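# Coordinates in review
Each chain, written out:
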Amino acid sequence: MSDHWLIPPRTRSRAVPRPGGPPHLATLFEGFTAFLVVERQHRPGTLATYRWYFADFLRFAEGNPRTPVVISRFTADLIRAYQYHLAERGLCGATIRLRLATLASVAWWAVQNGKLLANPVASLVRPPTRVTLPTTLRRDAVQELLDRCRTRPDRAIVAVLAYGGLRRSEAVALDIADFEPRFGLRRVRGKAGQDAAVPLPASARSIVSDYLSPIALTRPPPSRCSSSAIPPSRGR
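Below or above, wherever it landed, is the structure these notes cover. (Residues numbered from 1 in each chain as written. Predicted model: local features only at pLDDT ≥ 70, side-chain atom pairs only at ≥ 80, totals over all residues. Heavy atoms only, no water.)

Across its full length, the protein chain holds eight helices and three strands. When the helices and strands of the protein chain are read in sequence order from the N terminus, they spell out α-α-α-α-α-α-α-β-β-β-α. In the protein chain, which comprises 236 residues, the proportion classed as buried is 33%. Across the protein chain, contacts joining residues at least 24 apart in sequence account for 51% of those joining residues at least 6 apart. (Helix = DSSP H or I, 4+ residues; strand = E, 2+ residues; numbered from the N terminus. Buried < 20%, exposed > 50% of the residue type's maximum accessible area, 1.4 Å probe, protein only. Contact = heavy atoms within 4.5 Å.)

Right under this line is the structure:
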């Protein structure tokens, strides 16, 4: 049996629920995170974000001195007060929407499992979503970056980032087998474990092929080499 006093206070209440007493909101959240791990197969980074956001809400709801929040207090009034509290802290609308989306997800799971009768976030008016065009480099700027690259690996990295729109983490996770010379990238490992195929223009495919061809010719046996397409960093 685990010692409740050893539980980190970030996402769980330090107080031990009384037998037969009302369940705490922190306990409800732990059930929600178990659902994310087992049924949704979310990654540790995603879980850490959920925990961070929900811990901030718990700190607000518990007050000072901190008092554990029972599920019956998880109401629209409390969440609306938290929304105004976030605005007073100077957080932007997009950040407030993310915090409220976390609470909405927890409440949705609670409703589905009979812990709540209705989702308390549903009645709130959330900050509007601002639709803006992404900031992209002009073709001449991309070509200037390529011209400044001194090595083939650097040119290949710039090509997949600029022409494929990859994140840094996605570029680092590429394997040699993920590249198809006549198409582009047959598999890119994206956020939340989602894979996608990303076509590349002929100019980018030529740059990547120019980098990978010598590797394929001089590649040692598979048991003695890494299949990573992007070379590891030589230092931090």
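Let's pick the thread back up.
In this section: the layout of surface pockets. Considering only enclosed or pocket space, the second largest pocket measures out at about 200 Å³ in volume. Contributions of two or more residues to the lining of the second largest pocket are made by α5 (139-148) and α6 (152-164). Per element, the largest residue contribution to the lining of the second largest pocket is three residues, and it comes from α6. (1 Å grid on protein atoms, 1.4 Å probe; cavity = no way out; pocket = protein on both sides within 12 Å on 5 of 7 lines; lining within 4 Å. Points joined across faces, edges and corners; volume = space filled by probe spheres on them.)

A separate point is the sheet that holds strand β2 (residues 184-189). Within the open sheet, the three strands sit side by side as β1-β2-β3. Their pairing is antiparallel. Strands at the two margins of the open sheet, each flanked by one partner only, are β1 (179-180) and β3 (195-199). (Pairing = 2+ DSSP bridges.)

This part covers the pattern of salt bridges. Counted according to the given criterion, the structure contains 14 salt bridges. In this structure, the salt-bridge partner of arginine 138 is aspartate 140, at a minimum N-O distance of 3.1 Å. Here arginine 189 makes a salt bridge to aspartate 178, at a shortest N to O gap of 2.9 Å. Of the two residues, arginine 189 is situated in strand β2 and aspartate 178 in the loop between α7 (168-172) and β1; the sequence distance between them amounts to eleven residues. Three or more residues are tied together by salt bridges with common partners; here these are Asp56, Arg59, Arg89 and Arg99. (Salt bridge = Lys/Arg side-chain N within 4 Å of Asp/Glu carboxyl O.)

Another aspect to go through is the packing of helix α1 (residues 25-38) against helix α2 (residues 44-62). Running from amino to carboxyl end, α1 crosses α2 at an angle of 165°, the nearest separation of the two axes being 11 Å. It follows from the interaxial angle that α1 and α2 lie roughly antiparallel. Here α1 runs over α2; the crossing is right-handed. Packed against α1, whose contacting residues are Leu25, Ala26, Phe29, Glu30, Phe32, Thr33, Leu36 and Val37, the element α2 presents Leu47, Tyr50, Arg51, Phe54, Phe57 and Leu58 at the interface. (Axes fitted to C-alpha atoms, helices over the stretch in contact; angles between N-to-C directions. Parallel < 35°, antiparallel > 145°, perpendicular 65-115°, else oblique. Left-handed = near helix turned anticlockwise from the far one by under 90°.)

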